[in-house]
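# Understanding the architecture of this molecule
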Amino acid sequence: MAASASTRFLVLLKEFSAFRKISWTSAGTNFHRQSRFLCHVAKEDGSLTLESLDLGNKPRKFGKSKAMKLEGSFVTEMGQGKLKAVKNDKMKVVKEKKPAEIVSPLFSAKSFEELGLPDSLLDSLEREGFSVPTDVQSAAVPAIIKGHDAVIQSYTGSGKTLAYLLPILSEIGPLAEKSRSSHSENDKRTDIQAMIVAPSRELGMQIVREVEKLLGPVHRRMVQQLVGGANRMRQEEALKKNKPAIVVGTPGRIAEISKSGKLHTHGCRFLVLDEVDELLSFNFREDIHRILEHVGKRSGAGPKGEVDERANRQTILVSATVPFSVIRAAKSWSHEPVLVQANKVTPLDTVQPSAPVISLTPTTSEANGQIQTTIQSLPPALKHYYCISKHQHKVDTLRRCVHALDAQSVIAFMNHSRQLKDVVYKLEARGMNSAEMHGDLGKLGRSTVLKKFKNGEIKVLVTNELSARGLDVAECDLVVNLELPTDAVHYAHRAGRTGRLGRKGTVVTVCEESQVFIVKKMEKQLGLPFLYCEFVDGELVVTEEDKAIIR
Ligand SMILES: Nc1ncnc2c1ncn2[C@@H]1O[C@H](COP(=O)(O)OP(=O)(O)OP(=O)(O)O)[C@@H](O)[C@H]1O
């Protein structure tokens, strides 16, 4: 159909066949060579720096690092894209790109030792193969240890979970620095020390596993999950028996147990709202309100000097997408909060309502003497395409897309759970391993599917918005929007399931002809180029002219 339209040039790119990886050793060297020392960042725009937080020039201890768990996962820019001329007239030569560039320079601090973490936590990180903090971790850890309330914003897959977990674990629980972990006299031993709230069970459980990994087998009971769909009585018994220092849960279940008087949070020192913009939505409003009212509200002084006059907890709000409603909420719930981004800590007061919510390129500019901050929500190396397909051909388009990109682990998003089964049936009939995942599956069904997807038994996970936020499957190399996300924010979270932590990733949005204008709108809002593509002879074909517009 469109192939014969006004296309002048076709560039055939067979992308995934050429995944070229570099070893961690060489990646590390490059990162270090490129590293911008933290104390140099953001001074011009009035930001706080690690130096200004008294943590920039700590003496360094080196020598603990070992080969990183994700060895080889930092991939180079596509180096071997095939080039094929389809028409001779006005041929534009697209040169092969040079290989060996790091896609995303995520790491600027050389080691976790630089961030002032206690030895026991450093040992855990080493045991789990984490050797270098990401940029957002480099910025967040010292700021939170210092006692700041914070909004952590950084793009999907950049390590925001550890960015808040590390400073918390360095202050409370069995890995904490002894001098820091001493509780005030007002603390009861039964009180929870840190509460982490997430909008979905999957994300909650993912965070629990991250905490358990760091705590190690001996102390893993120090974290308790309070997610919905699991047995509530067992959760309450575990709270009573294990007296965990940390709870991670979904708003409804936390509020439920809190109302029953079985969750003691008045002495809680940390409250984290992960995916905060989602947690602010109407669905969660009542439960979040209760949590904010009860967590860390005790009388008397808190453990930290200069911030003691505020509520006796640190409030940490986290998301890749931070609309101004979050900034406003942070200002009202927190005391002098800071905005933490990759290698940058800025007083939240300087963030203006006019600042765009999302954009590709992070910039700061001064207007009327005020700092304007734009926010990057997606990894810059992610590639975005769209194609046009009739509704009845979409599954076939998906299948051809997977083949053309030689994708190994695919998440296909739709909007309604009732259509997922049909897509799975069609894919399976064509020999492609796939499974549906949605809320109606129940907790066990969901975790089984997820496990199979993670270990590669399932190639295409067909799902809805449930999986759009937080889900961390390192291997996912392709996201397909079989139906359009409702807006640019939803697009960003769906797209962010691939290309995690500097890996290569592709997002293909399959739309109907009448929907192209919506794709164009999202492209504009995100400030990202969405390339029009087709799948021809098993190849992804990108046209340089936008046929969707000129037809
Ligand atoms: N310093 C590090 N070194 C190696 N791996 C890391 C490091 N920090 C985090 N990771 C891993 O990177 C992956 C992505 O981290 P995480 O899920 O925290 O990202 P995120 O920024 O919260 O993403 P999203 O916005 O999608 O929720 C996880 O598998 C995590 O274990």
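You'll find the structure just up there.
Definitions and limits used
- Residues numbered from 1 in each chain as written.
- Predicted model: local features only at pLDDT ≥ 70, side-chain atom pairs only at ≥ 80, totals over all residues.
- Heavy atoms only, no water.
- 1 Å grid on protein atoms, 1.4 Å probe; cavity = no way out; pocket = protein on both sides within 12 Å on 5 of 7 lines; lining within 4 Å.
- Points joined across faces, edges and corners; volume = space filled by probe spheres on them.
- Helix = DSSP H or I, 4+ residues; strand = E, 2+ residues; numbered from the N terminus.
- Nonpolar A, V, L, I, M, F, W, Y, C, P; charged D, E, K, R; others polar.
- Buried < 20%, exposed > 50% of the residue type's maximum accessible area, 1.4 Å probe, protein only.
- Arc of directions from axis to C-beta.
- Contact = heavy atoms within 4.5 Å.
- Near = heavy atom within 4 Å.
- Polar contact = N/O pair within 3.5 Å; in protein donor to acceptor, adjacent residues only side chain to side chain.
- Areas by Shrake-Rupley, 256 points an atom, 1.4 Å probe, with all protein chains shown as cover.
- Salt bridge = Lys/Arg side-chain N within 4 Å of Asp/Glu carboxyl O.
- Pairing = 2+ DSSP bridges.

### Thoughts on the layout of surface pockets
- Taken as a whole, the second largest pocket spans an internal volume of roughly 650 Å³.
- Met 205, Val 208, Arg 209, Gln 225 and Lys 443 are, among the 24 residues lining the second largest pocket, the residues nearest its centre.
- Elements with a contribution of two residues or more to the lining of the second largest pocket: α6 (201-219), β4 (223-226), α7 (232-242) and α14 (442-454).
- Of the residues assigned to the lining of the second largest pocket, the class counts are six nonpolar, seven polar and eleven charged.

### Things to note about helix α2 (residues 119-127)
- Among all positions of α2, only Leu 121, Leu 122, Ser 124 and Leu 125 are buried. Each buried residue of α2 lies within a common arc of 155 degrees when the element is viewed along its axis, so the set occupies one face.
- Contact partners of the buried residues in α2: α4 (160-169) and α6.
- Remark: Gly 129 follows α2 within two positions and exhibits a positive phi of approximately 85 degrees.

### Re the site of the ligand
- Taken together, 24 residues sit near the ligand, with Val 132, Lys 160, Thr 161, Asp 472 and Arg 500 positioned nearest.
- A distance of 3.1 Å separates an oxygen atom of the ligand from a polar atom in the backbone of Ser 158.
- Glu 275 is positioned such that a nitrogen or oxygen atom in its side chain is 3.5 Å from an oxygen atom of the ligand.
- Coverage of the ligand by the protein chains reaches 95% of its 640 Å² of free accessible surface.

### Details of the pattern of salt bridges
- Taken as a whole and assessed by the stated rule, the structure comprises 21 salt bridges.
- One salt bridge in this structure joins Glu 202 and Arg 446, with 2.6 Å as the shortest N-O distance. Here Arg 446 lies in helix α14 and Glu 202 lies in helix α6, a separation of 244 residues in the sequence. With respect to burial, Glu 202 and Arg 446 carry one shared label: buried.
- Of the charged contacts in the structure, one is a salt bridge between Lys 421 and Glu 436, with a shortest N-O distance of 3.0 Å. Of this pair, Lys 421 sits in helix α13 (residues 420-429) while Glu 436 sits in strand β14 (residues 434-437), and the two are 15 residues apart along the sequence.
- Salt bridges sharing common partners tie together Arg 232, Glu 236, Arg 253, Glu 256 and Lys 262.

### Looking at helix α15 (residues 488-495)
- Most of α15 sits out of view: six of its eight residues are buried.
- For α15, the set of buried residues is Ala 488, Tyr 491, Ala 492, His 493, Arg 494 and Ala 495.
- One side-chain oxygen at the N-terminal end of α15 lies 3.1 Å from the backbone nitrogen of Val 489; it belongs to Asp 487.

### Remarks on the pairing of strand β13 (residues 410-413)
- Alternating positions in β13 separate into two faces, Val 410 and Ala 412 on one and Ile 411 and Phe 413 on the other, with burial throughout.
- Bridge analysis of β13 against strand β15 (residues 460-463) gives four bridges, and the strand direction is parallel. The residue of β15 that forms the bridge with Ile 411 is Leu 461.
- As defined by bridge partners, β13 adjoins strand β16 (residues 478-481) across four bridges and the pair is classed as parallel. Following the sheet pairing, Val 410 is matched in β16 by Leu 478.

### Some remarks on the side chain of Gln 314
- Checked against the element boundaries, Gln 314 lands in strand β7 (residues 314-319).
- Taking the relative accessible area as the measure of exposure, Gln 314 reaches 2% and is therefore buried.
- Polar contacts involving the side chain of Gln 314 include one to the main-chain carbonyl oxygen of His 148, which spans 2.9 Å.

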